[in-house]
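One letter stands for each residue in the lines below.
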Number of protein chains: 2
Amino acid sequence: MEALEIIGQRAKEAKVSLGLLGQTKKNETLYAVADALCAHASEILEGNKADTDAAKKNGMSEGLLDRLTLTIARIEALSEGLRKVAALPDPIGSVLSMDQRPNGLMIGKKRVPLGVVGIIYESRPNVTSDVFGLCFKTGNAVILRGGSDCIHSNIVIVKVIREALSSCGITPDAVQLLTDTSRETATRFMKLNQYVDVLIPRGGAGLISSVVQNSTIPVIETGTGNCHIYVDKQADFTMALDIIDNAKTQRLGVCNACESLVIHSAVLNEFFPLLVKRLTEKNIVIRADERARAVCPQCEAATEEDFGREYLDRLISVKTVDSETEAIAHINRYNTGHSEAIITENYDAAMRFLNEIDAAAVYVNASTRFTDGEEFGFGAEIGISTQKLHARGPMGLEALTTTKYIIFGQGQVRK
Amino acid sequence: MEALEIIGQRAKEAKVSLGLLGQTKKNETLYAVADALCAHASEILEGNKADTDAAKKNGMSEGLLDRLTLTIARIEALSEGLRKVAALPDPIGSVLSMDQRPNGLMIGKKRVPLGVVGIIYESRPNVTSDVFGLCFKTGNAVILRGGSDCIHSNIVIVKVIREALSSCGITPDAVQLLTDTSRETATRFMKLNQYVDVLIPRGGAGLISSVVQNSTIPVIETGTGNCHIYVDKQADFTMALDIIDNAKTQRLGVCNACESLVIHSAVLNEFFPLLVKRLTEKNIVIRADERARAVCPQCEAATEEDFGREYLDRLISVKTVDSETEAIAHINRYNTGHSEAIITENYDAAMRFLNEIDAAAVYVNASTRFTDGEEFGFGAEIGISTQKLHARGPMGLEALTTTKYIIFGQGQVRK
């Protein structure tokens, strides 16, 4: 049996006892792991220094380097994250429904762990402990495959977690790390159907697409966000400006940031100059279609390609439409199934937008930036699903669970 | 654009209007399609005759030929199936929850169609109209890829459905059939991520494995069933015999039939001879382990391989265990995640089995044959999921839906 299969087999064995742990034991263990991370902070910082030194030598950009770097304060934040997960309600064990059939069978639907969760992610060491916490809380074993840039940090963090688990009497195989970060091993990992119940990629479009193309394990696609805001002909301009400003500029590099505006032609002359002024002040470059540029010629020209792009940058595209029908068709053509918003004072326009836009989260008069597990009240987030199976939108603890039917009989046989 | 992509594009366009259809219109249309199938029965029988003639020439087995053959009575049953689906409650449009966040945002979770459903299935023409009915009721467009053995029947059935849809003012692209039944086209179909939201294979292990290996579209795996019944040391023997007889012999070729027995050694001497007598009378061949054969030497010897087999035939394997722990470990090792049962009068044994067995349906004192959409009270079934994502166990109409978040704001922006 090769190394990868041994890891799979260990996770498969670990899930049995993990799935049966009670809430009290799970929460005590999460607190113990949180304490252990703080207690071993210097060891973790040492491992992290090996990664950041190598990254600097390889000329990693400042932004990425920042995401890779740990400090005492950041390690404390990781611990605090685990304590927050401990404080959340445990979804495991609830019986969601139980009905009696005409033949007397009692059929119940019980929430249970998925089993073994695989996570493939990029260079952020905080993901390592976050994901462990969410999987452990939901009774799942997890196999982590982080990026090579982060391997020294991950090795130490996982070692500390495993030791803390052992000292709590929990199987350390609740969390395992693939230390071989080669692409070949990642691809073979994606085919471990026999051991892994679900695979969740967290990272850029390239990583996600590679997992979707190669995995034979069921995947929850977490995704890119080409999010739109549609300014209706009956929009409140002040509200529209505030929401667009927030959705575009509050954080540039996130999947729920607004990347494209759709503006009703009836308000173009009046509204667009206000918008250009507001966004220009925030150093946002506007790429507009012909009609919008006729109003504000200082804007760059948008190509068809711009409408399909998730910039994650100081750029936004603008499309002019003559009707809500046209706006909805445009958005449903270019959106990535993430978050879409309408700004309107008109009831019918709002209801129609909510009904007809095909996306995980559809907003009336609010910023797309709210699509987030914390903001939705889930307390924690494993990612934002942009696909339609199993989970859609921000995924909280429940996304890491499945159900099984439990059936109480008294000797029934099928006629 | 090649033919397959045109079909995908048409389905993607069709899903927009289908998702907005009201319940009344959908139900009226299902009744109209049901009437049309009966009205065109002779045309359908003619198409079916082309398939059965070819099948006879190719030496198709009697069982398969029977499943392929349509009669007036069977066409009436298809129509009746559509009328039954019309009578079921429509899951679309329900808002499952709506909560107000501290910032005043109202966040609701609304049930909506998946969009475009792909189905790959084998030679049963009844699947064609069944699957159309379930997908249409849930506002989905469906692309069908049936077997080549059934192609003439399917062409006529789909033509009749499409004409009926048109005369109801519904886009006929609600249902499309891939008339090219080559393996290459099937494989390309499995990669139409851009158009198809979910792919459901219905058929044997080979078909399902091919879809899991090749599809880049999210798959709901419907599966094989290596179902066990565990006879505990405190089992009621009469109940055990009746349930095992029913689960093994009521229908041999179905996924919820029992394929393997696990017997506690404490009752082996007393119970096993009774069981051998009962099953032998029903012409079932028993393949038992050493210890069971010591009690009834007339049984065949079971190999390790037998314990992993879904016979779908007049065969059953028997494993002897010394404890429930051993029984659970054996079942969790060999089961395919379908249906597992314990026969016991002991409360702790029952509860432990329900907690620790990892399968879609876990039974106490009832036949595994009940794992079925109709028996579970769903009214209809698209298949039985043996995976853990999205849907597990019998899938009713809800398995063909997803949710989207609808958010009502008053200008909120994220801090």
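For the structure, see preceding data.
Quick notes on the rules
Along each chain, residue indices are assigned from 1 in the same order as the chain's sequence is written. Both sets of labels track the order of writing: A upward for chains, 1 upward for ligands. This being a predicted model, a pLDDT of at least 70 is required before a residue's local features are given, and a value of 80 or more before pairs of side-chain atoms are given or counted; all residues contribute to the totals for chains, interfaces and linings. Only heavy atoms go into the side-chain values, all of them from the structure, while hydrogens and water stay out. Where helices and strands are cited, they refer to DSSP runs of H or I of at least four residues and of E of at least two residues respectively, numbered from the N terminus. The size measure is the radius of gyration over C-alpha atoms, and the globule rule it meets is 2.2 Å times the number of residues to the 0.38 power. We call two residues in contact when some of their heavy atoms are within 4.5 Å. Surface accessibility follows the Shrake-Rupley procedure with a 1.4 Å probe radius. Residue values consider only the protein chains on display as shielding. The convention is simple: Lys and Arg are positive, Asp and Glu are negative, and His and the chain ends are not counted. Lys charges are placed at NZ, Arg charges at CZ, Asp charges at CG and Glu charges at CD. What a helix should span is 1.5 Å times the count of its residues minus one. Throughout this description, buried means an accessible area under 20% of the type-specific maximum (1.4 Å probe, protein chains only), exposed means over 50%, and partly exposed covers the range between. A least-squares fit on C-alpha atoms brings the copies together, and the residues used are those whose pLDDT is at least 70 in both copies. Working definition: a ring pair exists when centres of Phe, Tyr or Trp rings (six-membered ring for Trp) sit within 6.5 Å. Plane angles under 30 degrees give stacked, over 60 give edge-to-face, the rest tilted. Buried area is understood as the total, over both parts, of accessible area removed when two parts are fitted together, assessed with a 1.4 Å probe. What counts as a salt bridge is simple: a side-chain nitrogen of Lys or Arg found within 4 Å of a carboxyl oxygen of Asp or Glu. As a working rule, the residues Ala, Val, Leu, Ile, Met, Phe, Trp, Tyr, Cys and Pro are called nonpolar, Asp, Glu, Lys and Arg charged, and the rest polar, with Gly in that last group. Think of it this way: DSSP has to see at least two bridges between two strands before they count as a pair. Throughout, right-handed denotes a crossover for which the path from the first strand over the helix to the second runs clockwise when the strands point away from the viewer. N or O atoms closer than or at 3.5 Å make up a polar contact, with two conditions inside protein: a donor-capable atom paired with an acceptor-capable one, and, for residues adjacent in sequence, both atoms drawn from side chains.

Colleague: Help me understand the overall build of chain A, please; the structure alone is not making it clear to me.
Modeller: Across its full length, chain A holds 15 helices and 16 strands. A compact globule built from 415 residues would reach a C-alpha radius of gyration of about 22 Å, and chain A, at 24 Å, matches this within 12%. Oriented by its inertia axes, the alpha-carbon framework of chain A measures out at about 70 × 70 × 35 Å. Here the analysis covers contacts within chain A between residues at least 6 apart in sequence; of these, 72% occur between residues at least 24 apart. Surface summary for chain A: the accessible area is close to 15900 Å², and the carbon and sulfur share equals 49%. A distance of 6 Å separates the average location of the 45 positive side-chain charges in chain A from that of its 52 negative side-chain charges.

Colleague: Explanation requested: helix α7 (residues 151–167) of chain B in the structure shown.
Modeller: Every α-helix carries 3.6 residues per turn, so stepping three or four residues along brings you back to the same face. Residue and element names in this part refer to chain B. Its 17 residues place the ends of α7 24 Å apart at the C-alpha level, agreeing with the 24 Å of an ideal helix rising 1.5 Å per residue. Within α7, the full set of buried residues consists of Ile151, Ser153, Asn154, Val156, Ile157, Val158, Val160, Ile161, Ala164 and Leu165. Of the surrounding elements, those touching the buried residues of α7 are α2 (23–39), α3 (41–57), β3 (116–121), α6 (125–137), β4 (141–145) and β5 (175–177). Two residues or fewer past α7, Gly169 is found with a positive phi of approximately 80°.

Colleague: Would you take a moment to explain the relation of the copies chain B and chain A for this structure?
Modeller: One copy of the chain maps onto the other through a rotation about an axis followed by a shift along the same axis. Screw-axis analysis of chain B against chain A gives a translation of 0.0 Å along the axis, an RMSD of 0.0 Å, and a rotation angle of 180°. Read as a symmetry element, the transformation amounts to a two-fold axis. It is B:His390 whose C-alpha, among those of chain B, lies nearest the rotation axis, at 1.8 Å. Taken together, the interface assignments show that 100% of the residues at the interface of chain B recur at the interface of chain A, consistent with an identical surface on both copies.

Colleague: What is the right way to read the packing of aromatic side chains from this model?
Modeller: Between two aromatic rings, the relevant description is the distance of the centres plus the angle of the planes. Counted under the stated rule, the structure contains 14 aromatic pairs over all chains. Judged by centre distance (6.0 Å) and plane angle (75°), the ring pair of A:Phe376 and A:Phe378 falls under edge-to-face. Exposure remark for A:Phe376: the relative accessible area of 7% places this residue in the buried category. Members of the aromatic cluster, joined through ring pairs, are A:Phe376, A:Phe378 and B:Tyr405.

Colleague: When you look at unusual backbone geometry in this model, what are you seeing that I'm missing?
Modeller: Backbone phi values are negative for most residues with the exception of glycine, while trans is the configuration of most peptide bonds. Even without being glycine, A:Leu312 reaches a positive phi, approximately 50°. Relative to the helices and strands, A:Leu312 resides in the loop between α13 (304–307) and β11 (315–321).

Colleague: Even after reading the chapter, I still don't get the environment of B:Asp245, so can you show me in this structure?
Modeller: Residue and element names in this part refer to chain B. Position of Asp245 relative to the elements: it lies in helix α10 (residues 237–249). You can call Asp245 buried: its relative accessible area is 6%. Taking C-alpha positions, Asp245 is 8.3 Å from Lys282, a pair spaced 37 residues apart along the chain. With sequence-adjacent residues up to four places away left out, Asp245 is seen in contact with Gln250, Arg278, Leu279 and Lys282.

Colleague: What exactly am I supposed to notice about the interface of chain B and chain A here?
Modeller: Often, the extent of an interface is quoted as the loss of accessible area upon association of its parts. Facing the 69 residues of chain B at the interface are 69 residues of chain A. Contact with chain A buries area across many residues of chain B, yet B:Leu389, B:Tyr405 and B:Arg414 alone supply 15% of it, more than any other trio. At the boundary of chain B and chain A, one finds 8 salt bridges. Between A:Asp197 and B:Lys388 there is a salt bridge, and its shortest N-O distance comes to 3.6 Å. A per-element tally of the side of chain B that touches chain A places strand β16 (residues 401–412) of chain B first, with 11 residues. Among the residues making up the side of chain B that touches chain A, the classes are represented as 32 nonpolar, 21 polar and 16 charged.

Colleague: Sorry if this is basic, but what is going on with the pairing of β3(B) here?
Modeller: Successive residues of a regular strand alternate their side chains across the two faces of the sheet. All names here are of chain B. Within β3, 6 of the 6 residues are buried, which leaves it mostly tucked inside the rest of the structure. Side-chain alternation along β3 places Val116, Gly118 and Ile120 on one buried face and Val117, Ile119 and Tyr121 on a second face that is also buried. Direction of pairing for β3 relative to β4: parallel, over a ladder of 5 bridges. Note that in β4 the partner of Gly118 across the bridge is Ile143. You can see the chain leave β3, run along α6 and come back into β4, and the turn it takes is right-handed. For β3 and strand β6 (residues 198–202), the ladder comprises 5 bridges, and the chain directions are parallel. Residue pairing in the sheet places Tyr121 in a bridge with Arg202 of β6.

Colleague: Got a minute to help me understand the side chain of A:Gln176 in this structure?
Modeller: Residue and element names in this part refer to chain A. Looking at where Gln176 falls in the secondary structure, it is placed in strand β5 (residues 175–177). A distance of 2.9 Å separates a polar atom in the side chain of Gln176 from the backbone oxygen of Ile7. For Gln176, the residues in contact, after removing those within four places along its chain, are Ile7, Arg10, Ala11, Val142, Ile143, Leu144 and Arg162.

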